[in-house]
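Fold and contact review
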Amino acid sequence: MMRSNAHHMGMRTKTKISNTIIYIVLVIMMLIWLIPFVCILLESFRIESTGKVGYVIPKVWGFDNYISLWTKTDFPTWYLNTLIIGLVVAVVQMAFVLCTSYTLSRMRFKGRKGLMNFILVLGMFPGFITMIVLYKVLSGVGLTNENAIFGLMLVFTASSGMGYYVSKGFFDTIPKSLDEAARVDGATRLQVLTKVTLPMSKPIVIYTILTAFMAPWGDFMFARYISHLTSKGMTVAVGLQSWLNTELMTNAYYTRFCAGGVMVAIPITLLFMFLQKYYVEGVTGGAVKG
Amino acid sequence: MRKLTDLEYLALNRPRKILYRIGLFFCGIPAWFLRLILAIWGYIKRFGLAIKNEVLDIINTFRNGSWKTRVSYFIMGFGNVSRGQIMRGLLFFFFEALFIFYMVAFGGHWLAKFGTLGDVAPHDEYSAVYDAYIRVNGDDSFKVLLYGLLTIFFIIAFIYTWRLNVKQNRIAEEILSTGKKLKSGKDDVKSLIDDKFHKTLLALPLSGIIIFTVMPIIFMILVAFTNYDGAHDGYSNLFTWVGGANFNELISGASSNGNLSYTFGEILSWTLMWAFFATFTNYFLGMFVAIMINKRGIRLKKVWRGILVLTIAIPQFVSLLYVSRLFASNGIVNSLLMNWGWVSQPIQFWKDPTLSRIMVILVNIWVGIPYLMLIATGILMNIPQDLYESSKIDGANTFKQYTKITLPYMLFVTGPYLLTSFIANINNFNVIYLLTWGQAVDNPALTTSGGNATSVDLLITWLFKITTGATSNYKLAAVIGIMIFVVVAIISLVVYNVIPSTRNEEDYQ
């Protein structure tokens, strides 16, 4: 009796110790993950110096950086550019991705396997090499530099059918018998899609829209190349990076960069938190089914 | 190596089993290559056979067909119109008319120049109007290459359509001879939302892919065989075909501007090293974090997860640029370290060749763990809990449970994901570029070997640098692009053949 009790006690202290260690590790981790963001937030409120300083907590607090960000710089243009691109890309990409993934998942036609393999091989080329020729062609019709948002919309959406994998994985899990039942009842393929499949596809539709909308906010490479450092055509990523290009720029714009970062992060984070459930479903669904 | 029977294999002890399997894998490589070559040969043979059948069918249709069919060989759509399928017939006819018009008006010109990519350089010409020599534009090699390529595409599309037109005549004759009716234009439109619905759905996405991905990629593959760069921009100075010279420059090192093969070798090996570390550190640490948070008895699970997921939402460029400046030589980290007297000189986090490599991997862990935590949590929850219960009764400790249950399950489910994230890391532009941009990393050997690369550059950031830099070395960029493709393709092929396929798309339907 005594022995088993002691054994029990041993187990419990062991669990306690391991749990305490885990708590300590988790707290340290959370600090590491959060500190940079807290620093950005704090530095964005600093007034006494616009450059880089060796400390984090401002000596004089205020909203000056935010005010000058919106009134004295090109930031509003960049913000609007990115917002417009994001909205258009979200809609078009959703349509393209759903069309492609639905077709490849639910329909059997000649050349389906071949098409999927072809897209797989295409995806092995780095997307950026298409930029060199696309830039020349787009600038030939005036869709780069100051009109870069239109060029970027095309570049982001045109080939988006290639990213059908996650969404196809979702459609693969919807039982085919539903389609067949509807077909027996005389529904056309179009009706099967709109009346049977789409109403069940809310998670994947929202996931697709969310990822598509967020992509232009984070993309740097394409936006930088298509806008060619013309301020009017930049997105927030390119614009804010341009403020840190040189030491001289950094000294003048560092705190504004922080404020800009906060302005970009707030809406995206809110949106993400709001739709987190769908994102998790999409990501893990994609991981489970490749 | 002798292949063991099942019984013999089971009789081996553990290390020997593993050795046997590794040996089997390497012994299998020649046979695997042989199979690959045979498969390719099979494709070529089947392709040849298909072409032969097509040609035979075209000849036979002409021989056996009615006069309507025969006229359709020259006037596309004639057969359709004369048999009452007006809409199809007119589409065919207009396509043919457009093709002939295009070829006569433009296509022929571009095709003729395609072999040389233009032969008229800009030059001065005497003008009687001004009584002076004025500058005249010559050919533009870029346009010649682009329009030449488009013309070739158009010709292929025409041949395909023409073949379709012939086939439709044969089918129409067959249907009519059995006494049935042909489809009307109305039926055609209706079938687009029904049994031909896949064509409707794929039309726009596929055209997008062809115009914005397929054509540019073929164009760039062609560019790899030209001398297109800043000095040969096409209009002020023509560029032309140079064969495999660019590949030669990159591989053998015989280069006009330094020793490019050294740069390429360095960057390629670092790219692979980076992809390996970036993928697996994230994978295992992310899984570890997920397991820690998932552990029974840990409270505030939602808070821990929520904080990590929050960091996914914040756009990467914000955090990466900020972290980059945090660790800069005059950044906060160095100021603090110097204030505390721990170092006397600022640490060159981004400039030291080795330290910068370690730093980008560490920061990448910081960026990547939340994603992996999210994915791993979802999968861990799917592992049947009774597996753990029964293993506990059998006396397995936590570590044993991890290696025998959790890890195999995770690896099995996320096999394909590991491959895609490895490839994504090969092309991980943002982390490297945003962290180390403008912080010229010191590596004398790379500086002198040409190509303007640094020791943290991946193939993709190098590609970006040489296309946006002063030299605009497009030909080299094209070659590097092809090299990235080759690397990715080889890795994918090997992995697909080694890991058991975890996925069958018909499983759930």
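Residues numbered from 1 in each chain as written. Chains lettered and ligands numbered in written order. Predicted model: local features only at pLDDT ≥ 70, side-chain atom pairs only at ≥ 80, totals over all residues. Heavy atoms only, no water.

**Focus: the overall build of chain A**
Within chain A one finds 14 helices and 0 strands. Along chain A, helices (α) and strands (β) appear in the sequence α-α-α-α-α-α-α-α-α-α-α-α-α-α when read from the amino end. Across the 290 residues of chain A, 54% fall into the buried class. Long-range contacts, defined here as pairs at least 24 residues apart, represent 72% of the contacts in chain A between residues at least 6 apart. Element-wise, carbon and sulfur atoms account for 71% of the exposed surface of chain A, whose accessible area totals about 13,000 Å². Taking the 25 positively charged and 12 negatively charged side chains of chain A as two groups, their mean positions are separated by 10 Å. (Helix = DSSP H or I, 4+ residues; strand = E, 2+ residues; numbered from the N terminus. Buried < 20%, exposed > 50% of the residue type's maximum accessible area, 1.4 Å probe, protein only. Contact = heavy atoms within 4.5 Å. Areas by Shrake-Rupley, 256 points an atom, 1.4 Å probe, with all protein chains shown as cover. Lys, Arg positive; Asp, Glu negative; His and termini not counted. Charge placed at Lys NZ, Arg CZ, Asp CG, Glu CD.)

**With respect to the overall build of chain B**
Each helix and strand in chain B was counted, giving 20 helices and 2 strands. Whereas a compact globule of 509 residues would reach a radius of gyration of roughly 23 Å, chain B reaches 31 Å, over 25% beyond that. Its C-alpha atoms give chain B principal-axis dimensions of about 90 × 75 × 50 Å. In chain B, buried positions account for 44% of the 509 residues. Taking all contacts inside chain B whose residues are at least 6 apart in sequence as the whole, residues at least 24 apart take part in 64%. (Rg over C-alpha atoms; globule rule 2.2 N^0.38 Å.)

**Points about unusual backbone geometry**
Residue and element names in this part refer to chain A. One non-glycine residue with positive phi stands out, namely Leu229, at about 60°. In this structure, Leu229 sits in the loop between α11 (221-227) and α12 (236-243). Judged by relative accessible area, which is 44%, Leu229 ranks as partly exposed.

**Observations regarding a nonpolar patch on the surface**
Residue and element names in this part refer to chain B. Together, Phe62, Phe74, Ile75, Val81, Ile86, Leu90, Phe93 and Phe94 make up an exposed nonpolar region whose accessible area comes to about 730 Å². Per element, the largest residue contribution to the nonpolar patch is 4 residues, and it comes from helix α5 (residues 86-114). Summarising the element assignment, Phe93 is placed in helix α5. (Patch = residues over 30% accessible without salt bridge, like charges linked within 9 Å, V, L, I, M, F, W, Y side chains within 5 Å. Salt bridge = Lys/Arg side-chain N within 4 Å of Asp/Glu carboxyl O.)

**Examining the interface of chain B and chain A**
Listed per partner, the contact involves 88 residues of chain B and 104 residues of chain A. Across the chain B/chain A interface, buried area totals approximately 8,900 Å², and carbon plus sulfur atoms make up 76% of it. Counting across the chain B and chain A interface gives 0 salt bridges. Applying the counting criterion to the chain B and chain A interface returns 11 residue pairs in polar contact (both at pLDDT 80 or more). The element that contributes the greatest number of residues to the side of chain B that touches chain A is helix α8 (residues 197-223) of chain B, accounting for 17 residues. Across the side of chain B that touches chain A, the residue classes tally to 63 nonpolar, 17 polar and 8 charged. (Buried area = accessible area lost by both parts, 1.4 Å probe. Polar contact = N/O pair within 3.5 Å; in protein donor to acceptor, adjacent residues only side chain to side chain. Nonpolar A, V, L, I, M, F, W, Y, C, P; charged D, E, K, R; others polar.)

**Structural notes on the pairing of strand β1 (residues 123-127) of chain B**
By the bridge criterion, 5 bridges tie β1(B) to strand β2 (residues 132-136) of chain B in an arrangement that is antiparallel. Within the sheet, the bridge partner assigned to Asp124(B) lies in β2(B) and is Arg135(B). (Pairing = 2+ DSSP bridges.)

**Describing the nonpolar core**
Within soluble globular proteins, side chains that are nonpolar tend to cluster in buried spots. Counting 205 residues, the largest nonpolar core has Phe75(A), Phe219(B), Trp274(B), Phe317(B), Tyr322(B) and Trp462(B) as the members making the most contacts within it. Counting contributing residues per domain, this core is built from domain 2 (77-243) and domain 3 (259-503) of chain B, each supplying no fewer than three. Apart from the residues within four sequence positions on either side, Phe75(A) is in contact with Leu69(A), Trp70(A), Val236(A), Leu240(A), Trp243(A), Gly260(A), Met263(A) and Val264(A). (Core = buried A, V, L, I, M, F, W, Y, C linked by side-chain atoms within 4.5 Å. Domains from an automatic or database assignment.)

**Considering the environment of Val494(B)**
Looking at the element boundaries, Val494(B) is found in helix α20 (residues 474-498). Classification of Val494(B) as partly exposed rests on a relative accessible area of 33%.

**Considerations on the packing of aromatic side chains**
All names here are of chain B. As enumerated under the stated definition, the model contains 53 aromatic pairs over all chains in all. Taking 6.3 Å as the distance between ring centres and 50° as the angle between the ring planes, the aromatic pair formed by Trp270 and Trp274 counts as tilted. Taken together, the residues Trp270 and Trp274, both in helix α10 (residues 260-294) and 4 residues apart, mark about one turn of the helix. For the pair Trp270 and Trp274, a shared accessibility class is recorded, and that class is buried. On the basis of an interplanar angle of 80° and a centroid distance of 5.0 Å, the ring pair of Phe327 and Phe349 is categorised as edge-to-face. Here Phe327, found in the loop between α12 (316-326) and α13 (332-339), pairs with Phe349, found in the loop between α13 and α14 (353-382); they are 22 residues apart in sequence, far enough to count as distant. (Phe/Tyr/Trp six-rings, centres within 6.5 Å; stacked < 30°, edge-to-face > 60°.)

**Brief notes about a positive patch on the surface**
Residues and elements named next belong to chain B. Together, Arg14, Arg21, Lys400 and Lys404 make up a positively charged patch on the protein surface. Mapping Lys400 onto the fold places it in helix α16 (residues 398-426). For Lys400, a relative accessible area of 46% translates into the label partly exposed.

**Section: the domain arrangement of chain B**
Looking at chain B, the domain boundaries give domain 1 (6-55), domain 2 (77-243) and domain 3 (259-503). For domain 1 of chain B and domain 2 of chain B, the distance between their C-alpha centroids amounts to 40 Å.

**Regarding the packing of helix α10 (residues 202-218) of chain A against helix α13 (residues 247-274) of chain A**
All names here are of chain A. One can describe the packing of α10 onto α13 by two numbers: an axis separation of 11 Å at closest approach and a directional angle of 165°. In this view, α10 runs roughly antiparallel relative to α13, as classed from their interaxial angle. For the element pair α10 and α13, the recorded crossing hand is left-handed. Across the interface between the two elements, Leu210, Phe213, Met214 and Trp217 of α10 pack against Val264, Ile268, Leu271 and Phe272 of α13. Residues of the contact of α10 with α13, tallied by class, amount to 8 nonpolar, no polar and no charged. (Axes fitted to C-alpha atoms, helices over the stretch in contact; angles between N-to-C directions. Parallel < 35°, antiparallel > 145°, perpendicular 65-115°, else oblique. Left-handed = near helix turned anticlockwise from the far one by under 90°.)

**Describing the environment of Ala328(B)**
Position of Ala328(B) relative to the elements: it lies in the loop between α12 and α13. Assessed through its relative accessible area of 4%, Ala328(B) is described here as buried. Look past the residues within four positions of Ala328(B) in its chain and what remains in contact with it is Lys52(A), Asn334(B) and Trp350(B).

**Topic: the pattern of salt bridges**
Pairing between side chains of opposite charge can happen when their charged atoms approach one another. All names here are of chain B. Scanning the entire structure with this criterion turns up 14 salt bridges over all chains. A salt bridge links Arg135 to Asp124; its shortest N-O distance comes to 3.4 Å. Pair noted here: Arg135 is in strand β2 and Asp124 is in strand β1, with a separation of 11 residues, a long-range link. When its relative accessible area of 57% is taken as the criterion, Arg135 is described as exposed. The exposure class assigned to Asp124 is partly exposed, which follows from its relative accessible area of 46%.

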